Amino acid sequence: MLIFLAIMTTIVSRPYHCADGRELNIGRWWTEPVAIAPGEHIFCGGNLPVEGKVGTGTNTCVTVNVDSCKVTPLRRVMQTARQGVQPVCLTNGQCLLFGGNTNDATPASLRIDRLRLNNQRLQSTSLQLSEPCMATAAARLADGRVLITGGFGLKDPTTGKGPVLGTALLLNPQSGRKETITMHHQRGGHSATVLPDGRVLIVGGIGDDPSGAEVFDPKRALFDA
């Protein structure tokens, strides 16, 4: 069983541990693991602590055996070193890896990587976000499209803070078609949950009104407050 200890910072930093309590030898990760088999997970990106400094991102992906705590790097790496990678897995055995905070805070974080689970390989893709962001939330819709919502934009070098975004990106991974949709609230660090009827509930996070929930209707491609 994969467990973690959550330490609150500006983002939740999660050092993961194996079944026997040992900490994984991959530092502190700001990403969710992707399960590929019982006891086997893939981690991509994440935050590696640097003594006396803010941690640095990584562009590697690794497979982890929870019982043995064995870590095996994937042969290829992501296009950009990232903290806070967002994985969304599709029905065709692939996962899209996007978002997150890049080391140089440049539009490189627009890029989306594609992870193939059957052979555990990474590949570059022409897909990209409309705006660099981190601490976003995404959900896979019933028709195969991916809804990527809100997040924090590029940091201001002076203040070290980025704007809270109030837009969503509706992405078709097959055709590459993208549509930008305005949300009712600016949000970052929120959640996106697919409801039984196919709509997506957006709630929580930081923004202009984090207490207000909104629901995305994929049939109309609109958000309802």
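Procedures and definitions
Residues numbered from 1 in each chain as written. Predicted model: local features only at pLDDT ≥ 70, side-chain atom pairs only at ≥ 80, totals over all residues. Heavy atoms only, no water. Helix = DSSP H or I, 4+ residues; strand = E, 2+ residues; numbered from the N terminus. Buried < 20%, exposed > 50% of the residue type's maximum accessible area, 1.4 Å probe, protein only. Contact = heavy atoms within 4.5 Å. Areas by Shrake-Rupley, 256 points an atom, 1.4 Å probe, with all protein chains shown as cover. Phe/Tyr/Trp six-rings, centres within 6.5 Å; stacked < 30°, edge-to-face > 60°. Salt bridge = Lys/Arg side-chain N within 4 Å of Asp/Glu carboxyl O. Pairing = 2+ DSSP bridges. Axes fitted to C-alpha atoms, helices over the stretch in contact; angles between N-to-C directions.

**Focus on the overall build of the chain**
The helix and strand inventory of the chain stands at zero helices and 24 strands. Within the chain, the proportion of its 225 residues that are buried is 44%. Intrachain contacts of the chain at a sequence separation of at least 6 include 39% that bridge at least 24 residues. When the accessible surface of the chain is summed, it comes to about 11,200 Å², and 52% of that surface belongs to carbon and sulfur atoms.

**So, the packing of aromatic side chains**
Counted under the stated rule, the structure contains one aromatic pair. Here Phe 216 and Phe 223 contribute two aromatic rings whose centre-to-centre distance is 5.0 Å and whose plane-to-plane angle is 55°, an arrangement assigned as tilted. Residues Phe 216 and Phe 223 agree in their burial class; the two are buried.

**A closer look at the pattern of salt bridges**
Tallied over the full model, the rule gives seven salt bridges. In this structure, Arg 187 engages Glu 214 in a salt bridge whose closest nitrogen and oxygen atoms are separated by 3.2 Å. A residue pair is termed long-range when its members are at least 10 positions apart, and Arg 187 in strand S19 (residues 187-188) and Glu 214 in strand S23 (residues 214-217) qualify at 27 residues. Comparing Arg 187 with Glu 214 shows no difference in burial state: the two are buried. A salt bridge links Asp 224 to Arg 220, with the shortest nitrogen-to-oxygen separation between them at 2.5 Å. By relative accessible area, Asp 224 is classed as partly exposed at 28%.

**What about the pairing of strand S11 (residues 94-98)?**
S11 sits mainly inside the fold: five of its five residues count as buried. Here S11 shows two buried faces, one formed by Gln 94, Leu 96 and Phe 98 and the other by Cys 95 and Leu 97. In terms of strand pairing, strand S10 (residues 86-89) meets S11 through four bridges, oriented antiparallel. Within S11, the residue paired with Pro 87 across the bridge is Leu 97. Between S10 and S11, which pair antiparallel in sequence order, lie four residues; one of them, Gly 93, sits at a positive phi of approximately 80°.

**Here's the deal with the sheet that holds S11**
Overall, antiparallel pairing links the four strands, which are arranged S10-S11-S13-S14 in an open sheet. Of all strands in the sheet, those bounded by a partner on one side alone are S10 and strand S14 (121-128). Mean inter-strand twist for the sheet, computed between neighbouring axes without regard to direction, equals 30°. Note that S11 and strand S13 (residues 111-116) share four bridges and pair antiparallel. By the bridge assignment, Leu 96 is partnered in S13 with Arg 114.

**Some thoughts on unusual backbone geometry**
Despite not being glycine, Ala 135 shows a phi value in the positive range, around 50°. If you trace the backbone, Ala 135 turns up in the loop between S14 and strand S15 (137-140). Residue classification places Ala 135 among the buried residues on the basis of a relative accessible area of 16%. Of note in this structure, Ala 221 is not a glycine but carries a positive phi near 55°. As for its position among the elements, Ala 221 is in the loop between S23 and strand S24 (222-224).

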